[in-house]
Amino acid sequence: MDTTAQTVEIATPDGPMATPTYRPADGSPRPAVLVIMEAFGVDAHIMDVARRLATEGYVTAAPDLFHRGGRLASAPYDKLAEHRDQLRVGFSDQTVLSDVEAAVRQLQTDPGVKGPIGIVGFCLGGRVSFVSAANV
């Protein structure tokens, strides 16, 4: 299935959060999935996961939970230790829950979203997904 892509800027208490968003190109309303990044940030791999889920019929959004340290900042897989402090500026359970809640609200008001909103994450994103599902 063909998809379209855009980066949506979602308002958070700490400033705008870039959120790469993908959807089936046919434009019909679909269920949505938040794709939560690994410890490396919203990198090409996470955006590809989100794009592939969109080819299966979902609206997907990959919120940049490290936005306080720089817009769509990410670390190469072999250089995480060198970038960790900059990526995690302002990163805490409280800010993550606030960001995920803002992303859910955005999807709830998106006319292209109809039905449930799921969440999936990898590495750090697995924990974020679990904590978010329990609290948001």
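Now for a description of the structure that goes with this document.

Procedures and definitions
- Residues numbered from 1 in each chain as written.
- Predicted model: local features only at pLDDT ≥ 70, side-chain atom pairs only at ≥ 80, totals over all residues.
- Heavy atoms only, no water.
- Helix = DSSP H or I, 4+ residues; strand = E, 2+ residues; numbered from the N terminus.
- Rg over C-alpha atoms; globule rule 2.2 N^0.38 Å.
- Buried < 20%, exposed > 50% of the residue type's maximum accessible area, 1.4 Å probe, protein only.
- Contact = heavy atoms within 4.5 Å.
- Areas by Shrake-Rupley, 256 points an atom, 1.4 Å probe, with all protein chains shown as cover.
- Lys, Arg positive; Asp, Glu negative; His and termini not counted.
- Charge placed at Lys NZ, Arg CZ, Asp CG, Glu CD.
- Pairing = 2+ DSSP bridges.
- Right-handed = clockwise from strand over helix to strand, strands pointing away.

1. Examining the overall build of the protein chain
The number of helices and strands found in the protein chain is 4 helices and 5 strands. Taking 136 residues into account, the globule formula puts the C-alpha radius of gyration at 14 Å, and the protein chain, at 14 Å, falls close to it. If one aligns the C-alpha atoms of the protein chain with their principal axes, the spans along those axes are about 40 × 30 × 25 Å. Burial status across the protein chain gives 47% buried among its 136 residues. If you take every contact in the protein chain between residues at least 6 apart in sequence, the share linking residues at least 24 apart comes to 70%. Here the protein chain displays about 6700 Å² of accessible surface, and carbon together with sulfur accounts for 53% of that area. Positive and negative side-chain charges in the protein chain, numbering 12 and 16 respectively, have mean positions lying 2 Å apart.

2. A look at the pairing of strand β3 (residues 30-36)
The element β3 is extensively covered by neighbouring structure, given that 6 of its 7 residues are classed as buried. In this sheet, strand β5 (residues 113-121) lies alongside β3 in parallel orientation, the contact comprising 6 bridges. Pairing of V35 across the sheet is with V120, part of β5. Two elements, β3 and strand β4 (residues 59-61), share 3 bridges in a ladder whose sense is parallel. In the strand pairing of β4, L34 is matched with A61. Tracing the backbone out of β3, into helix α1 (residues 44-55) and back to the parallel element β4 gives a crossover that is right-handed.

3. Remarks on the environment of P111
With respect to the secondary-structure elements, P111 resides in the loop between α3 (93-109) and β5. Between the C-alpha atom of P111 and that of S129, which follows or precedes it by 18 residues, the distance is 24 Å.

Take it as geometry only, folks, not as evidence of what the structure does.
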